[in-house]
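Geometric and topological summary
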Amino acid sequence: MSIQIGSSIPLVVEKRVTEMVKPSKHIPQQTLSLSTLDNDSYNDVIYKLCYVFNAKNVVDDDDDDASAESLLREALSDLLVYYYPLSGSLKRQETDRKLQLSCGGDEGGVPFTVATSENVELSSLNNLENIDSDTALKFLPELHVENDGYRPFALQVTKFGCGGFVLGMAMSHAMCDGYGEGHIMCALTELAGGKKKPALTPVWERERLVGKPEDDDQPPFLPDGETAASPYLPTDDWVTEKINIRADSIKRLKEVTLKEHDFSNDTITTFEVIGAYLWKSRVKALNLDRDGVTVLGLSVGIRDVVDPPLPDGYYGNAYIDMYVPLTAREVEESPISDIVNLIKEAKRKACDQDYLQEELANTEKIIKMNLTIKGKKDGLFCLTDWRNIGIFGSMDFGWNEPVNVVPVVPPETARMVNMFMRPSRLEPAHMVGGVQIVVTLPRIAMVKFKEEMKALE
């Protein structure tokens, strides 16, 4: 497949072979159930990441030196002994709308694709730093949600002539959240680096997060999708930008916020203060109807809310979505401190055990009734924190740490979600302690949004 990069050099990516890698030890055939949070239809999507590794600094003269491809293939086989559910097949049942995972026996395995791109060096692609999603997909395995069953996990290694490579990962969100994905990928590279077993032992225990709906006729709560309208939507002209926010800009915004309101001993986090600023900026950029409602969605971790807390090795979904509704006028006119307070209140509510059980019961009803958010979603805006994805330990198995991690999410998701990312290792020193925001907006709205971001400086 050939893609034009820059003015003249075509990027040629050839996917050479895909094989099914099986666990290195026999796994008995079994059927596993998933948690209520895993079964949420909004998690029945595939999310993907590119991990970019540069060539080794020193050329090893040993002809028997193993390639990254062979090390990762062997490590994947060993990984599946511990994370054997990843080698199974997911299918949603028609009777109760729940996902079932069939794994083990002779049918299991993970698709492992080997690809090459010999005519372009990773440096000429800036290590995928500013690559568009369509091009990034060339470095990622093909994996799709299918009604008759699908594999939940796949890998692709794309080798470059310069000695560098891209490790592409595709995963069903129904299997794990970002915390779980990070530990899985670190375990893979631990094994590739010669460890005998992962540092963290994985735990299934999905029954710990299964809701018990009340036997009543009360309809479940579902956020109203009929939000404030934007004159720029609908459109087919979307653009995605990575926007860097430096540590000194974050510090100044926190100082201003603390002057507006006395938070006493309550610490203001970067996620809270930047999240509030992003919401205000997005409302302005989209020119939302000021009397219409805009909804801020937050993903809040609940690992420690469960009694007893979930073990460190639990890799299933362990977060719930919280929603903060305001009119567009209120978002524009409210000081940052007021919005930070609302975000804090939502996070505190999510950390209440009784509320968690209510939310699990509510989600069970939504799954059973097969409900989805309907209506105009122009004003729906979600925040998710990916700063720790893949950063739960070293990923150096001989090629140093990845110089870049590039997320690729479904377009429908990207248009509603802003992702907090750590600055890549390619960024200059002044980005240490800062954050990188990945945002997708209509092209005309992106101009205004970037002006708002520029004002932070």
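Reading the values: rules and limits
- Residues numbered from 1 in each chain as written.
- Predicted model: local features only at pLDDT ≥ 70, side-chain atom pairs only at ≥ 80, totals over all residues.
- Heavy atoms only, no water.
- Helix = DSSP H or I, 4+ residues; strand = E, 2+ residues; numbered from the N terminus.
- Rg over C-alpha atoms; globule rule 2.2 N^0.38 Å.
- Buried < 20%, exposed > 50% of the residue type's maximum accessible area, 1.4 Å probe, protein only.
- Contact = heavy atoms within 4.5 Å.
- Areas by Shrake-Rupley, 256 points an atom, 1.4 Å probe, with all protein chains shown as cover.
- Lys, Arg positive; Asp, Glu negative; His and termini not counted.
- Charge placed at Lys NZ, Arg CZ, Asp CG, Glu CD.
- Core = buried A, V, L, I, M, F, W, Y, C linked by side-chain atoms within 4.5 Å.
- Salt bridge = Lys/Arg side-chain N within 4 Å of Asp/Glu carboxyl O.
- Pairing = 2+ DSSP bridges.
- Axes fitted to C-alpha atoms, helices over the stretch in contact; angles between N-to-C directions.
- Polar contact = N/O pair within 3.5 Å; in protein donor to acceptor, adjacent residues only side chain to side chain.
- Patch = residues over 30% accessible without salt bridge, like charges linked within 9 Å, V, L, I, M, F, W, Y side chains within 5 Å.
- Left-handed = near helix turned anticlockwise from the far one by under 90°.
- Nonpolar A, V, L, I, M, F, W, Y, C, P; charged D, E, K, R; others polar.
- Phe/Tyr/Trp six-rings, centres within 6.5 Å; stacked < 30°, edge-to-face > 60°.

When its secondary structure is counted, the chain shows 11 helices and 17 strands. For 457 residues, the compact-globule estimate of 2.2 N^0.38 gives 23 Å, and the C-alpha radius of gyration of the chain, at 23 Å, lies within 12% of that figure. Here the C-alpha coordinates of the chain stretch approximately 65 × 55 × 45 Å along the principal axes. Within the span of the chain, comprising 457 residues, buried residues form 51% of the whole. Within the chain, contacts between residues separated by at least 24 positions form 82% of all contacts whose residues are at least 6 apart in sequence. For the chain, the accessible surface area stands at approximately 21,300 Å², while carbon and sulfur atoms represent 48% of it. Averaged over its 49 positive side-chain charges, the chain has a centre that lies 2 Å from the centre of its 71 negative ones.

With that settled, the discussion passes to the nonpolar core. Core analysis: the biggest nonpolar cluster contains 60 residues, and Leu76, Phe153 and Leu167 have the highest contact counts within it. Top element by residues in this core is helix 4 (residues 178-192). It accounts for seven residues. Sequence-distant contacts of Leu76, defined by excluding residues within four places in its chain, comprise Val21, Val110, Phe112, Phe153, Leu155 and Leu188. Counting 58 residues, the second-largest nonpolar core is a separate cluster that includes Val239, Phe263, Tyr277 and Tyr355.

Another aspect to go through is the pattern of salt bridges. Pairing between side chains of opposite charge can happen when their charged atoms approach one another. Within the structure shown, the criterion is met by 23 salt bridges. The residue Glu19 makes a salt bridge to Arg73 at a minimum N-O spacing of 2.7 Å. Taken together, the residues span a long stretch of sequence, with Glu19 in strand 3 (residues 14-21) and Arg73 in helix 2 (residues 68-82) at a distance of 54 residues. Since its relative accessible area comes to 31%, Glu19 is described here as partly exposed. For Arg73, a relative accessible area of 22% corresponds to the partly exposed category. Overlapping salt bridges, with partners in common, bring together Asp266, Glu272, Lys344, Lys347 and Arg348 in one network.

Attention shifts here to the sheet that holds strand 12 (residues 293-301). The strand order across the open sheet formed by six strands is 11-17-16-14-12-13, and the pairing between neighbours is mixed. Among the strands making up the open sheet, the edge pair consists of strand 11 (238-245) and strand 13 (319-327). Going from strand to strand, the sheet's axes swing by 20 degrees on average, the running direction of each strand aside. In the sheet, strand 11 pairs with strand 17 (residues 435-442) via eight bridges, with the strands oriented antiparallel.

Spatial strand order, 3-8-9-10-5-15: six strands in an open sheet with mixed pairing. A single partner strand is all that each edge strand has here, and the edge strands are strand 3 and strand 15 (404-408). This sheet shows a mean twist of 20 degrees between the axes of neighbouring strands, independent of strand direction. Relative to strand 15, strand 5 (residues 46-53) is paired through five bridges, and the arrangement is antiparallel. Bridge assignment links Val52 to a residue of strand 15, and that residue is Asn404. Contacting strand 3, strand 8 (110-117), strand 9 (153-160) and strand 10 (165-172), helix 2 crosses the sheet at an angle of about 170 degrees to strand 8.

Structurally, Asn39 can be placed in helix 1 (residues 36-39). Separated by 3.3 Å, the side chain of Asn39 and the backbone oxygen of Leu34 make a polar contact.

Peptide bonds are trans in most cases, and residues, glycine excluded, mostly fall at negative phi. That bond from Leu233 to Pro234 is cis: its omega, 0 degrees, falls within 30 degrees of zero. The residue Pro234 is located in the loop between helix 4 and strand 11 in this model. Notably, Leu128 is not glycine yet its phi reads approximately 70 degrees, a positive angle. As for its position among the elements, Leu128 is in the loop between strand 8 and helix 3 (133-136). The class for Leu128 is buried, based on a relative accessible area of 0%. Despite not being glycine, Glu205 shows a phi value in the positive range, around 45 degrees. Topologically, Glu205 is positioned in the loop between helix 4 and strand 11. The exposure class of Glu205 is partly exposed, given its relative accessible area of 29%.

What follows concerns a negative patch on the surface. Where like charges cluster on the molecular surface, the negative patch consists of Glu214, Asp215, Asp352, Asp354 and Glu358. On the secondary structure map, Glu214 appears in the loop between helix 4 and strand 11.

What follows is about the packing of helix 2 against helix 4. Taken N-terminus to C-terminus, the directions of helix 2 and helix 4 make an angle of 120 degrees; their axes are 8 Å apart at the nearest point. Seen from above, helix 2 lies across helix 4 with right-handed handedness. Residue-level inspection shows Leu71, Leu72, Ala75, Leu76, Asp78 and Leu79 of helix 2 in contact with helix 4, the latter providing Ile184, Ala187, Leu188, Leu191 and Ala192. For the contact of helix 2 with helix 4, the residue count by class is 10 nonpolar, no polar and one charged.

With that out of the way, let us pick up the environment of Gly297. Inspection of the secondary structure assignment puts Gly297 in strand 12. With near-sequence residues (within four places) excluded, Gly297 lies in contact with Met322, Tyr323, Phe381, Cys382 and Leu383.

This brings us to the environment of Ser89. Mapped onto the secondary structure, Ser89 falls in strand 6 (residues 89-92). The spatial distance from the C-alpha of Ser89 to the C-alpha of Pro223 is 31 Å, given a sequence separation of 134 residues. Discounting residues that sit within four places of it in the chain, Ser89 has contacts with Gln100, Leu101, Ser102, Gly149, Tyr150, Arg151 and Pro152.

Let us now look at the packing of aromatic side chains. Enumeration according to the criterion identifies 10 aromatic pairs in this entry. Ring geometry for Phe139 versus Phe160: centroids 5.8 Å apart, planes at 35 degrees, classification tilted. Note that Phe139 is positioned in the loop between helix 3 and strand 9 and Phe160 in strand 9, a separation of 21 residues in sequence. Between Phe397 and Trp399 the ring centres are 5.1 Å apart and the planes differ by 45 degrees, which places this aromatic pair in the tilted class. Among the aromatic residues, ring-to-ring pairing joins Phe53, Phe165, Phe397 and Trp399 into one connected group.

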